[in-house]
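# Overview (structure and organization)
Below are the chains, spelled out letter by letter.
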Amino acid sequence: ISKNTHKERRMEPTVSIITATHNIVEKGQTDDFNLLISLLDRQTYGKIEHIIVDTASADGTAELLKNYKNKSLILTIFLSIILKLYQKFTKFFKTS
């Protein structure tokens, strides 16, 4: 690869893909999720980040996501604490 190609790649914008998950194991969506990961892994564009946002799944989704945590393409974010805070604030404001 020439120096120009490296320089051009550094100038390319990062593409962020955000996937929200909630109890995908319970809903039978693991095959769909695995297909999504497989298709993202095949992308040839060099600057892709995949952000997975899980909203306090209680069915084994967290364990499924841990399998993908170490892949360079993926950044996994668990928002269970934020969801619980949101629920508490919502409850508080409804009673106010």
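So, here's what we can say about the structure. Given the structure is predicted, the values throughout are model-derived calculations rather than measurements.

### Remarks on the overall build of the chain
Assigned secondary structure in the chain consists of four helices and three strands. Going through the 96 residues of the chain one by one, you find that 24% of them count as buried. In the chain, the share of contacts with a sequence separation of at least 24, taken over all contacts with a separation of at least 6, comes to 79%. With an accessible surface of roughly 7300 Å², the chain has 57% of that area assigned to carbon and sulfur atoms.

### Here's the deal with the pairing of strand β2 (residues 48-54)
Across the seven residues of β2, six count as buried, placing the element largely inside the fold. Bridge analysis of strand β1 (residues 15-21) against β2 gives seven bridges, and the strand direction is parallel. In the strand pairing of β2, Val15 is matched with Ile48. Following the backbone out of β1, through helix α2 (residues 30-41) and into the adjacent parallel β2, one traces a crossover that is right-handed.

### Thoughts on the side chain of Thr19
Along the chain, the position of Thr19 falls in strand β1. Given the relative accessible area of 15%, Thr19 is considered buried. In this structure, Thr19 is in contact with Leu36, His50, Ile51, Ile52 and Val53, ignoring residues within four places of it in sequence.

### What about the nonpolar core?
Membership of the largest hydrophobic core is limited to seven residues, which are Ile24, Phe33, Ile37, Ile52, Leu64, Leu65 and Tyr68. Mapped onto this core, the elements with two or more residues apiece are α2 and α3 (61-66). In contact with Phe33, not counting residues within four places along its chain, are Thr21, Ile24, Ile52, Leu64, Leu65 and Tyr68.

### Focus: the side chain of Asn23
Its place among the elements puts Asn23 in the loop between β1 and α2. Among the polar contacts listed, one links the side chain of Asn23 to the side chain of His22, at a separation of 3.2 Å. The residues contacting Asn23, other than those within four sequence positions of it, are Ser57, Ala58, Asp59 and Thr61.

### Describing a nonpolar patch on the surface
Nonpolar side chains collect at one region of the surface, where Phe89, Phe92 and Phe93 lie side by side and expose about 370 Å² of accessible area between them. Among the secondary structure elements, Phe89 is positioned in helix α4 (residues 80-95). Overall, the relative accessible area of 49% leaves Phe89 in the partly exposed class.

Definitions and cut-offs
Residues numbered from 1 in each chain as written. Predicted model: local features only at pLDDT ≥ 70, side-chain atom pairs only at ≥ 80, totals over all residues. Heavy atoms only, no water. Helix = DSSP H or I, 4+ residues; strand = E, 2+ residues; numbered from the N terminus. Buried < 20%, exposed > 50% of the residue type's maximum accessible area, 1.4 Å probe, protein only. Contact = heavy atoms within 4.5 Å. Areas by Shrake-Rupley, 256 points an atom, 1.4 Å probe, with all protein chains shown as cover. Pairing = 2+ DSSP bridges. Right-handed = clockwise from strand over helix to strand, strands pointing away. Core = buried A, V, L, I, M, F, W, Y, C linked by side-chain atoms within 4.5 Å. Polar contact = N/O pair within 3.5 Å; in protein donor to acceptor, adjacent residues only side chain to side chain. Patch = residues over 30% accessible without salt bridge, like charges linked within 9 Å, V, L, I, M, F, W, Y side chains within 5 Å. Salt bridge = Lys/Arg side-chain N within 4 Å of Asp/Glu carboxyl O.

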